[in-house]
Amino acid sequence: MSVKGEPVGRPLSWHRTALDRIPGGRDGRRMLVVSIVDKTGTGLWAGCTALYFTYVSGMSLAQVGLLMTVSGGVGIAGAPLAGILADRFPLVRVIAATQLVRGLTLLALLTTDHFLLLTLYSALGALPDRAGSVLVKLYAARQAGAERVRYQAIQRTTVNIGWSIGGLGAAAALATGSPQAYTYLLVGNVLSFLAIAVLTLRCAEPPAASRVAATGTDAPRPKASSPWRDRTFLGYTATDAALFLDDTILQVAVPLWIVHATDAPVGLAPLLLVLNTVLVVLFQVPLARFGATTRAARRLLVPLSGLLVAGTLALAASAAGGRALAVTALVAAVVALTFAEIVHATSSWELSVALAPDDAQGAYLGVHGLAQSTQRFAGPLLVTGVMTAGPLAWPLLGLALVGAGAAQHRLLRDRVEHPEPSLSVAKVTVSEHRSV
């Protein structure tokens, strides 16, 4: 029933207008659906992975820790490997292949309780899992073009929504107390991988600047750029690995710090993670406009440093004593670190793509993916060391992160503020060449 004086078709028109505001067109929107289904399935499984190995596979705590350490170490290679493959093969097919491999390696866990086999399957699954973020970023860069930062912000919002849905589903399943719940959650994640592989294959291949057609039969194809010989990009990746530490502080350090160093109630930990998710969903897209250009993305490193210092100072203050102070300081720390996460995500998306040459975009983004993979592997060891050292170690860590941000800001000055003009002739993509 329509409102008096309002056309019946207006709601549909408004709906279409909202969809049209999403960069990347129809295929870009399809890939967002892929992201939310992917993270819903992952949310079902991620929170109970260690419990599955403990209660279903019968592994000891030491074995679970070793398995996850080995998997994390092997997974570091996933990002650069994905970048190389994406420069050589159709991106959509590479994404679908990684999704299927993730599902197969996860399903293989149901076939054995042997520690070595479980470690092998987990390590193999970590490779495509770590490759996923690189491939999604590359897809956004190719499909959304100049609006890639906004697209990535929307994509990250859908990811957080998916995580929340999956986490709620996992909590409901585990509340039954049945050991079979772990198996059902694993299978649910496997089915999500199958579904997103089908959805991904329905997306058209985005234009790729690296797939260049020669203008003459005898024209040699220039050798692609290598990120491993680009000292500026390697330095940028190294400093970015440090700046990604906000993720480990929020996900690992804050819950442990609540339990071992503050008077805050243990139940505050999941509420703070919910607060983190809500803030990301609310502010990631609106704040993306502040990093829509390469120069603006570099300038974001300044407020990022301030937020990291504020967050670490608040963590130190939370251990001063008293429940009220602890809760207030922890909330302030999570708010500051969440906005640091949002700002860094925006800056990192734009800078990593802008610094990558067209002829080796996948390889460059793959190397940059090492920043996050390395942080996920080494970050927990670092933050637990900081917690062991005591409250005063948090401000020292904050100052170290400020140093990393300052180094990155300085390192990129010439590359961003005074980019070298391209000496090559204008490139013609395969599709453009055929249409001539």
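Fair warning: this is a prediction, and the values are worked out from it, not measured in the lab.

Chemist: Looking at this structure, how should I read the side chain of Arg298?
Modeler: Mapped onto the elements of the fold, Arg298 is located in helix α13 (residues 294–299). Look at Arg298 and you get buried, because its relative accessible area is 7%. Engagement of the side chain of Arg298 in a polar contact is seen with the backbone oxygen of His409, the distance being 2.9 Å.

Chemist: Help me understand the UniProt feature "transmembrane region" (unreviewed entry) in the protein, please; the structure alone is not making it clear to me.
Modeler: As recorded in UniProt, the sites labelled "transmembrane region" (unreviewed entry) are residues 31–55, 61–84, 115–136, 157–175, 181–201, 264–288 and 300–318. For residues 115–136, helix accounts for 100% and strand for 0%, while the C-alpha atoms at its two ends are 32 Å apart. A helix fraction of 89% and a strand fraction of 0% characterise residues 300–318, whose end C-alpha atoms lie 27 Å from each other.

Chemist: Honestly, the packing of aromatic side chains in this entry has me stumped. Any pointers?
Modeler: By convention here, two paired aromatic rings are described through the distance between centres and the angle between planes. The final tally for this structure, using the stated rule, is 7 aromatic pairs. With 6.2 Å between their ring centres and 25° between their planes, Tyr55 and Tyr182 make a pair best called stacked. A residue pair is termed long-range when its members are at least 10 positions apart, and Tyr55 in helix α3 (residues 49–56) and Tyr182 in helix α9 (residues 180–201) qualify at 127 residues. Among the aromatic residues, those joined into a cluster by ring pairs are Trp45, Tyr52 and Phe53.

Chemist: Looking at this model, I keep getting lost on the confidence of the model for the protein. Mind explaining?
Modeler: When the pLDDT values of the protein are averaged, the result is 82; 87% of them are 70 or greater. Note that residues 210–221 has pLDDT below 50 and, in this model, 18 contacts with residues that lie over four places away or in other chains. Low pLDDT (under 50) marks residues 421–436, which in the prediction has 15 contacts with non-local residues, meaning those over four places away or in another chain.

The rules behind each value
Residues numbered from 1 in each chain as written. Predicted model: local features only at pLDDT ≥ 70, side-chain atom pairs only at ≥ 80, totals over all residues. Heavy atoms only, no water. Helix = DSSP H or I, 4+ residues; strand = E, 2+ residues; numbered from the N terminus. Buried < 20%, exposed > 50% of the residue type's maximum accessible area, 1.4 Å probe, protein only. Polar contact = N/O pair within 3.5 Å; in protein donor to acceptor, adjacent residues only side chain to side chain. UniProt positions renumbered as here; feature names shortened; annotations may be inferred. Phe/Tyr/Trp six-rings, centres within 6.5 Å; stacked < 30°, edge-to-face > 60°. pLDDT = per-residue confidence, 0-100. Contact = heavy atoms within 4.5 Å.

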